[in-house]
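Observations on the three-dimensional arrangement
Each chain, letter by letter, is given below.
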Amino acid sequence: MKIAVLGATGQTGQQLVNQALQQGHSVTAVVRNPGKLTLTHENLKVVEGDIFSEDSLKPHFKGQDAVLSCLGFPISFFYGVTGYTQSVTAALNAMRDVKVNRIITMTSWYTDPNSGTNSSSLIRFMLLPMIRSVLNNMYEMENFLKQTDDINWTVVRPPGLKNTPTTANEFLTHEGYYVPDENGMPIGQSVSRGDVARFMLSLLNNNAWMKKAVAIITK
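For the structure given in this document, a descriptive report is provided here. (Residues numbered from 1 in each chain as written. Predicted model: local features only at pLDDT ≥ 70, side-chain atom pairs only at ≥ 80, totals over all residues. Heavy atoms only, no water.)

1. Things to note about the packing of aromatic side chains
Here the structure, examined in full by the defined rule, presents seven aromatic pairs. Centre to centre, the rings of Trp109 and Tyr110 are 5.8 Å apart; their planes meet at 85°, and the pair counts as edge-to-face. Each member of the pair Trp109 and Tyr110 is classed as buried. Considering the side-chain rings of Trp109 and Tyr178, the 6.2 Å spacing of their centres and the 55° angle between planes classify their relative orientation as tilted. Linking Trp109 in the loop between strand E5 (102-106) and helix H4 (121-146) with Tyr178 in the loop between strand E8 (171-174) and strand E9 (190-192), this pair joins segments that are 69 residues apart in sequence. A relative accessible area of 3% places Trp109 in the buried class. These aromatic residues form a ring-pair network of at least three members: Phe52, Phe73 and Tyr84. (Phe/Tyr/Trp six-rings, centres within 6.5 Å; stacked < 30°, edge-to-face > 60°. Buried < 20%, exposed > 50% of the residue type's maximum accessible area, 1.4 Å probe, protein only. Helix = DSSP H or I, 4+ residues; strand = E, 2+ residues; numbered from the N terminus.)

2. Regarding the pairing of strand E1 (residues 2-6)
With four of five residues buried, E1 lies mostly within the body of the structure. Across five bridges, E1 lies against strand E2 (residues 26-31) in parallel orientation. Counterpart to Lys2 in the pairing with E2 is Ser26. Taken together, E1, helix H1 (residues 11-22) and E2 constitute a β-α-β crossover, and its handedness is right-handed. (Pairing = 2+ DSSP bridges. Right-handed = clockwise from strand over helix to strand, strands pointing away.)

3. Remarks on helix H3 (residues 83-98)
For H3, spanning 16 residues, the distance from its first C-alpha to its last is 23 Å, which sits close to the expected 22 Å at 1.5 Å a residue. Those residues of H3 that fall on the buried side of the exposure criterion are Gly83, Tyr84, Thr85, Ser87, Val88, Ala90, Ala91, Leu92, Ala94, Met95 and Val98. Just downstream of H3, Lys99 is the residue with a positive phi angle, here 60°. (Expected span 1.5 Å × (residues − 1).)

4. Considerations on the packing of helix H2 (residues 54-61) against H3
The N-to-C vectors of H2 and H3 enclose an angle of 50°; their axes lie 8 Å apart at closest approach. When the interaxial angle is binned, H2 and H3 end up oblique. For the pair H2 and H3, the crossing hand works out as right-handed. Every residue of H3 that contacts H2 at Glu54, Leu57, Lys58 and Phe61 is listed here: Ala90, Ala91, Asn93, Ala94, Met95, Asp97 and Val98. Classifying every residue of the contact of H2 with H3 gives seven nonpolar, one polar and three charged. (Axes fitted to C-alpha atoms, helices over the stretch in contact; angles between N-to-C directions. Parallel < 35°, antiparallel > 145°, perpendicular 65-115°, else oblique. Left-handed = near helix turned anticlockwise from the far one by under 90°. Contact = heavy atoms within 4.5 Å. Nonpolar A, V, L, I, M, F, W, Y, C, P; charged D, E, K, R; others polar.)

5. Observations regarding the nonpolar core
Grouped together as the largest cluster of nonpolar side chains are 38 residues, with contacts concentrated most on Leu6, Leu57, Phe61, Val67, Met95 and Ile103. Here the element with the most residues in this core is H3; it accounts for eight residues. With residues up to four places along the chain from it excluded, the contact list for Phe61 reads Ala4, Leu6, Val67, Ala91, Ala94, Met95, Val98 and Val100. (Core = buried A, V, L, I, M, F, W, Y, C linked by side-chain atoms within 4.5 Å.)

6. A few points about the side chain of Arg157
Following the sequence through the fold, Arg157 ends up in strand E6 (residues 152-157). A relative accessible area of 2% places Arg157 in the buried class. Side-chain polar atoms of Arg157 contact the backbone oxygen of Gly176, separated by 2.7 Å. Setting aside residues no more than four positions away along its own chain, Arg157 makes contact with Thr107, Ser108, Trp109, Thr111, Glu142, Lys146, Gly176, Tyr177, Ala213, Val214, Ala215 and Ile216. (Polar contact = N/O pair within 3.5 Å; in protein donor to acceptor, adjacent residues only side chain to side chain.)

As structure tokens, this is what we get:
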């Protein structure tokens, strides 16, 4: 397939670009600073673009089968985070204009402010409050996509991201804000970035999570 990747210079984005090329896809990596993506491949095109500008994205989205976004934005205690909603708004508008109909994006477990009650106290009282500004804007983006009817979107929600090797392990999935065991407690708390990329790419050939948000973790 022909795919445009946003956030391709990030740690998960680089995994996704690598795996997509290995799987035979043609990749257009839309990046702010092309020098940051050192990978070269005959099926990789690295282009400079502004993720907040639909006019900047349109020429790069034209002719693509799908857009995959691994964009991440830093926490902000004082001003709130807006990058997720601003970038997805620009991306969807650009997609509509050039008739691209599929977007796969990633957020996180626990984006809903009330969803962390069963997590460990360390996560619940230390980690989640620390990253809440990011989770809040991810949650706003998810809700924005839920009101989008004309484009086939999927949100992938991983737990904590680790820089460990990609596995071939089976995925556990749940249409919710984390993956629960039979007692409603979270199963595990982290996943390899490579596995997140692997799951996102698997959705290109599969309609299982169309217009849904899915929490994932590996077995």
